[in-house]
Amino acid sequence: FNSLFKVLSLTSTIPSQVLSPTNMRVATVLIIAALAVAASAVEYRLRVDKITSLGAYEDPYTSSCGSNEQNVSIEGVPGAFCSPSCSPTTPCPAAPSGSNAQAECALEKAGSSSPTNCALICSPGSTECPSPAKCQPIQGVGICTYSS
């Protein structure tokens, strides 16, 4: 948002002849695009204090995420995965067949006080994740992610 505010504050110092109708339309489109990008950035953090056993987590690089899933990447962890929604009363779907990772309601959106999304929890360096996902270390545990 800081960049957006800089753009907005700059427009008030630009001479009126530079702010032609065409330039204003371009500036408006750029501002709307910046707002859309900023609004779609969702930050997640791993919550490991409540791990319960309960996965179908697609590779977002090769297919679209399901209607109840979001394409999630976690800061500091390589890769991404499709993450189903969950809550204290809505458990995660089971882990995919052939996976030994545990599906957990363990991710929180920024500003949330309880988990909002599922992840496949694994032991770092293990082969518990559905192929071709890899178990990436984070906060003493692992999380299954797919590479681009």
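These notes cover the structure that comes with them. (Residues numbered from 1 in each chain as written. Predicted model: local features only at pLDDT ≥ 70, side-chain atom pairs only at ≥ 80, totals over all residues. Heavy atoms only, no water.)

1. So, the state of the cysteines
Here is step 1: Going through the model one piece at a time under the given rule, you end up with five disulfides.
Here is step 2: For Cys65, the disulfide goes to Cys82, at an S-S distance of 2.1 Å. Every disulfide takes its handedness from the sign of the S-S torsion; for Cys65 and Cys82 that torsion is -80°, giving left-handed. Residue Cys65 is located in the loop between strand S1 (44-46) and strand S2 (69-72), and its partner Cys82 is located in strand S3 (residues 81-84); the two are separated by 17 residues in the primary sequence.
Here is step 3: What makes Cys65 partly exposed here is its relative accessible area of 23%.
Here is step 4: Assessed through its relative accessible area of 0%, Cys82 is described here as buried.
Here is step 5: Residue Cys92 pairs covalently with Cys118 via a disulfide, S to S 2.1 Å. (Disulfide = S-S within 2.5 Å. Helix = DSSP H or I, 4+ residues; strand = E, 2+ residues; numbered from the N terminus. Buried < 20%, exposed > 50% of the residue type's maximum accessible area, 1.4 Å probe, protein only.)

2. Observations concerning the nonpolar core
Here is step 1: Of all hydrophobic cores here, the largest spans 25 residues; its most connected members are Ile74, Phe81, Cys92, Leu107, Ile143 and Cys144.
Here is step 2: Among the elements that line this core, the one with the most residues is strand S5 (residues 117-122), at five residues. (Core = buried A, V, L, I, M, F, W, Y, C linked by side-chain atoms within 4.5 Å.)

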